[in-house]
Amino acid sequence: MANNAEDIENNMDQQQTNTVPEPPQEASVTRARSRGGSGAGGGGGDRGGGEGDVGGNSSSPEQNGQPPAARPPLVVETEEDEDEELTLKYGAKHVIMLFVPVTLCMVVVVATIKSVSFYTQNDGQRLIYTPFPEDTDTVAQRALNSILNATIMITVIIVMTLVLVLLYKYRCYKVIQGWLFLSSLLLLFFFSYIYLKEVFKTYNVAMDYFTLAIIIWNFGVVGMMCIHWKGPLRLQQAYLIMISALMALVFIKYLPEWTAWLILAVISVYDLLAVLCPKGPLRILVETAQERNEPIFPALIYSSTMVWLVNMADTDRPKRNSTEAASPQQETQQAPIASPTPSSPSQDDGGFTSNWISNQEHQLGPMQSTEETRREIQQMPSARPPPEDDDEERGVKLGLGDFIFYSMLVGKASATASGDWNTTLACFVAILIGLCLTLLLLAIFKKALPALPISIFFGLVFYFATDNLVRPFMDKLALHQFYI
Amino acid sequence: MTAAVFFGCTFIAFGPAIALFLFTIAREPLRVIFLIAGAFFWLVSLLLSSLVWFISVQISNKDSAAQQKGLLIFGVVLSVLLQETFRFAYYKLLKKANEGLLALSQEETMPISIRQLAYVSGLGFGFMSGAFSVVNILADSVGPGTVGIHGDSQHYFLSSAFMTMAIILLHMFWGVVFFDACEKQRWWAVAAVVISHLLVSCLTFQNPDYVASLIPTYVILFLMGVWAFYSAGGSLRNLKLCLTCKDKDFLLANHRSR
């Protein structure tokens, strides 16, 4: 996906810079924006940015005549320096724009884990994807069971990814869209109802069903609108953070311990392979989308500065069949009409590249339909930046799957570590640094990179190291009140 | 032991640090990133020293309390030395990164100066050090219990909070002095920083005797503060101008976009 973001951005760049007919000032503005965008995208290309990027590609129907020829070298060079500067400035800003929501999501998850005991209770319930129990007699048996569980999960994920790629290849866009809609419905109504119920139980708050129904109804409907249609930016961001936190909590509750760590490790490896290997499903998806000059179907992505105009049901659709492809398409086509500048298609080049499809697959939930939830989370109708958007205010995007797995790691650490807060803090810092490094690598290589591996690797290393090595040391120090 | 103790100790321990963060660092993304990177470096140094301590405990005689205490003291000293080593390593990394950034951007001024980096990295070290020292204690202070019921000191929480505040501020001052000394190649100053860190840690060995440990620590804090102030370019004249809001450079600098 990150691949997706990068390649498409580059394509877009080329196409942008090729728009010779445009007045030179416009062209340079476009170029600068797209370059700045790609720089920022490089800084933090979210694979979700793939949508926007592809949309950007599709915006080129206007300029379709021009093949991606070489840009005038002179212009590019003078742009290079500015771009590096822009990259730097916007790189740091985008990193922070990602730090804040990731931190918020983690804080919500940790706060819930620490206060609501429901999510750390072992009810004996398991997901159908992890059928083998972990309360066995011997360690060897437990290890074997967790390996089997993780294998089943990963197989399910791979199968789901392939199904998705097939669906996309054969243009079954309606199926995908409906799937997404259903899963976000489930998440916003059912899971939040359970969450609210448990919170009330914990704090011994008595509430009647009527009030509860009204609250959940309002919460859910506003959420659906914000996520799938239009809404204030902050509200949309808040909803995305909340549903990521809810999903992470579900994972924390229903995945047994060793299985959870194994799954985290294997998923990062899968992410790495799927995005970087030539035959990886994600890469195939990206290439298909590029061939068709279409946006990859929208996914649920957290976007930080843009107000996404999402048109699910547009009256004046272009010839495309798929609604999803259509809406970004249409918007991108609208954008150039509305004003010359926003022809830079990528909404969020400052986005982060992440493994969104595989994240889609990593849905665990008590219901069968949570696969849809997963996909739902990954999918979002792509949006276009409103024409008035300031060039400098490029946003960043991060796939919700990344949010979910980061929060799951930190939540699991706070739930199961006996070192309590030290371990949680260490994992938190490790994940943030991993995020930073990934963005840095992105800026250096300007290539799509998956967001999970580095952060999860650091998180896991620090979890086990802090829990087993640092905790006894700090405990002894605190006992004697020695300070280091 | 109630919410009052929890909030009081939290604000004592982290109040100055959070205020510094909010007013000087929170608005600049680059500074926040370097703060978190500094925290990460401190964490890595702690990890290494815990690893060494853990190994030494495993191969030692677990029944002898004296030996265990000796090993703990060894662990503390090693940890201090490793922290300072990592501070130096972070300095080297930042110098390289700064040069790289400068080369890339082809501007005359760097986006962040080495002095700001010194301050930010010191504070990052301090945050992490303080958090690891005191967060578990704070978490315990929320719950029910009586402090010192078995004859230990009743001022455990309060003294921990004050000590943590001192450590956080000290890390910040150490950072400023350390980086400045490295810039000017004054190795005696670097040694002085390391020695003062060792001194503060060793003072805590006296710990239920809080008078003997806290008061010298605060004296050292004050001295290091003055030293850091002077090495960062402060002077009495600057201070006076700043306090009476007449310092034009400072006012100008605040409004500059970079």
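Residues numbered from 1 in each chain as written. Chains lettered and ligands numbered in written order. Predicted model: local features only at pLDDT ≥ 70, side-chain atom pairs only at ≥ 80, totals over all residues. Heavy atoms only, no water.

What follows is about the overall build of chain A. Looking only at helices and strands, one finds 16 helices and two strands in chain A. The buried share among the 484 residues of chain A stands at 61%. Within chain A, counting contacts between residues at least 6 apart in sequence, those at least 24 apart form 84% of the total. Roughly 17,400 Å² of accessible area belongs to chain A as shown, and the carbon and sulfur atoms make up 66% of that amount. (Helix = DSSP H or I, 4+ residues; strand = E, 2+ residues; numbered from the N terminus. Buried < 20%, exposed > 50% of the residue type's maximum accessible area, 1.4 Å probe, protein only. Contact = heavy atoms within 4.5 Å. Areas by Shrake-Rupley, 256 points an atom, 1.4 Å probe, with all protein chains shown as cover.)

All names here are of chain B. Inspection of the secondary structure puts Arg 31 in helix 2 (residues 29-58). Within the buried set, Arg 31 has no salt-bridge partner at all; the shortest N-O distance to an opposite charge, 4.5 Å, is to Glu 28. With residues up to four places along the chain from it excluded, the contact list for Arg 31 reads Thr 24, Ile 25, Ile 112, Gln 116 and Val 120. (Lys, Arg positive; Asp, Glu negative; His and termini not counted. Salt bridge = Lys/Arg side-chain N within 4 Å of Asp/Glu carboxyl O.)

Moving on: the interface of chain A and chain B. The interface is formed by 38 residues belonging to chain A together with 50 residues belonging to chain B. Considering only the surface of chain A that becomes buried against chain B, Gln 481, Tyr 483 and Ile 484 of chain A emerge as the three largest contributors, covering 22% of it. Linking chain A with chain B are zero salt bridges. Element by element, the count of residues in the side of chain A that touches chain B is highest for helix 16 (residues 452-480) of chain A, at 14 residues. (Buried area = accessible area lost by both parts, 1.4 Å probe.)

Turning our eyes to something else, we now look at the packing of helix 14 (residues 400-416) of chain A against helix 15 (residues 421-445) of chain A. Residue and element names in this part refer to chain A. Relative orientation of the contacting elements helix 14 and helix 15 amounts to 160 degrees, with a least axis distance of 8 Å. By the angle class used here, helix 14 and helix 15 are roughly antiparallel. As for the relative orientation of helix 14 and helix 15, their crossing is right-handed in sense. Contacts between helix 14 and helix 15 involve Tyr 406, Leu 409, Val 410, Ala 413 and Ser 414 on the former and, on the latter, Thr 423, Thr 424, Cys 427, Phe 428, Ile 431 and Leu 435. Tallied by class, residues from the contact of helix 14 with helix 15 come to eight nonpolar, three polar and no charged. (Axes fitted to C-alpha atoms, helices over the stretch in contact; angles between N-to-C directions. Parallel < 35°, antiparallel > 145°, perpendicular 65-115°, else oblique. Left-handed = near helix turned anticlockwise from the far one by under 90°. Nonpolar A, V, L, I, M, F, W, Y, C, P; charged D, E, K, R; others polar.)

To continue, consider the nonpolar core. Grouped together as the largest cluster of nonpolar side chains are 174 residues, with contacts concentrated most on Phe 99, Tyr 406 and Met 408 of chain A together with Phe 132 of chain B. Ranked by residue count, the leading element in this core is helix 5 (residues 156-183) of chain B, at 18 residues. Sequence-distant contacts of Tyr 406 of chain A, that is, excluding residues within four places in its chain, are made with Val 102, Met 106, Ile 431, Leu 435, Ala 451, Leu 452, Ser 455 and Ile 456 of chain A. The next biggest cluster of nonpolar side chains, apart from the first, holds five residues, and it includes Val 165, Tyr 173, Leu 285 and Ala 289 of chain A. (Core = buried A, V, L, I, M, F, W, Y, C linked by side-chain atoms within 4.5 Å.)

On to the pattern of salt bridges. Considering all chains together, one arrives at seven salt bridges over all chains under this definition. Here Glu 198 of chain A makes a salt bridge to Lys 201 of chain A, at a shortest N to O gap of 3.3 Å. Remark: Lys 201 of chain A and Glu 198 of chain A occur in helix 6 (residues 173-203); sequence separation between them is three residues, near one turn of the helix. Here Asp 180 of chain B and Lys 184 of chain B are joined by a salt bridge, their closest N and O atoms 3.1 Å apart. By relative accessible area, Asp 180 of chain B is classed as buried at 11%.

Next up on the list: the packing of helix 1 (residues 3-25) of chain B against helix 5 of chain B. All names here are of chain B. Direction vectors running N to C along helix 1 and helix 5 enclose 10 degrees, while the axes themselves pass 9 Å from each other. Our classification of the angle between helix 1 and helix 5 gives roughly parallel. Of the residues in helix 5, those touching helix 1 at Val 5, Cys 9, Ile 12, Ala 13, Phe 14, Pro 16, Ala 17 and Leu 20 are Phe 157, Leu 158, Ala 161, Phe 162, Thr 164, Met 165, Ile 168, Leu 169 and Met 172. Broken down by class, the residue content of the contact of helix 1 with helix 5 amounts to 16 nonpolar, one polar and no charged.

Attention now moves to the UniProt feature "transmembrane region" (unreviewed entry) in chain A. Residue and element names in this part refer to chain A. Here, the residues flagged by UniProt with the feature "transmembrane region" (unreviewed entry) are residues 95-113, 147-167, 179-196, 208-227, 239-255, 261-277, 425-445 and 451-470. The annotated region residues 425-445 carries 100% helix and 0% strand content, and the separation between its end C-alpha atoms amounts to 30 Å. Between the C-alpha atoms that bound residues 451-470 there is a distance of 27 Å. The span itself is 95% helix and 0% strand. (UniProt positions renumbered as here; feature names shortened; annotations may be inferred.)

A word on the packing of aromatic side chains. If you walk through the whole model with that rule in mind, you get 27 aromatic pairs over all chains. Between Phe 229 of chain B and Tyr 230 of chain B, the ring centres sit 5.8 Å apart and the planes meet at 70 degrees, which makes this aromatic pair edge-to-face. Phe 229 of chain B gets classed as partly exposed once you look at its relative accessible area, which sits at 32%. Here Tyr 230 of chain B falls in the partly exposed class, since its relative accessible area comes to 44%. Grouping aromatic residues by their ring pairs yields a cluster made of Phe 457, Phe 458 and Phe 462 of chain A together with Phe 40 of chain B. (Phe/Tyr/Trp six-rings, centres within 6.5 Å; stacked < 30°, edge-to-face > 60°.)

Before going further, it helps to examine helix 9 (residues 257-276) of chain A. In this model helix 9 of chain A runs 29 Å from its N-terminal to its C-terminal C-alpha over 20 residues, within 8% of the 28 Å that 1.5 Å per residue would give. Buried within helix 9 of chain A we find Thr 259, Ala 260, Trp 261, Ile 263, Leu 264, Ile 267, Ser 268, Tyr 270, Asp 271, Ala 274 and Val 275 of chain A. (Expected span 1.5 Å × (residues − 1).)

Moving on, we get to the UniProt feature "transmembrane region" (unreviewed entry) in chain B. Per the UniProt annotation, the sites labelled "transmembrane region" (unreviewed entry) are residues 6-25, 32-59, 71-90, 117-139, 159-179, 186-206 and 212-230 of chain B. End-to-end, the C-alpha atoms of residues 186-206 of chain B are 32 Å apart, and along that stretch the chain is 81% helix and 0% strand.

Turning our attention to unusual backbone geometry. Residue and element names in this part refer to chain A. The phi dihedral of Arg 171 falls on the positive side, at around 60 degrees, and the residue is not glycine. A relative accessible area of 45% means that Arg 171 is categorised as partly exposed. Non-glycine residue Gln 481 carries a positive phi angle of around 60 degrees. Relative to the assigned elements, Gln 481 resides in the segment after helix 16.

Its location among the elements puts Ser 244 of chain A in helix 8 (residues 233-254). What Ser 244 of chain A contacts, discounting residues up to four positions off in sequence, is Cys 105, Leu 400, Phe 403 and Ile 404 of chain A.

Another aspect to go through is the confidence of the model for chain A. All names here are of chain A. Summarising the model, chain A shows a mean pLDDT of 71, and 60% of its residues fall at 70 or more. Note on residues 307-354: pLDDT under 50 across the span, and 200 contacts to partners over four residues away in sequence or across chains. This model gives residues 381-392 a pLDDT under 50, and the stretch forms 48 contacts once residues within four places in sequence are excluded. (pLDDT = per-residue confidence, 0-100.)

This next bit is on helix 8 of chain A. With 22 residues, helix 8 of chain A extends 32 Å between its outermost C-alpha atoms, agreeing within 8% with the 32 Å of an ideal straight helix rising 1.5 Å per residue. Within helix 8 of chain A, 18 of the 22 residues are buried, leaving the element largely enclosed by the surrounding structure.

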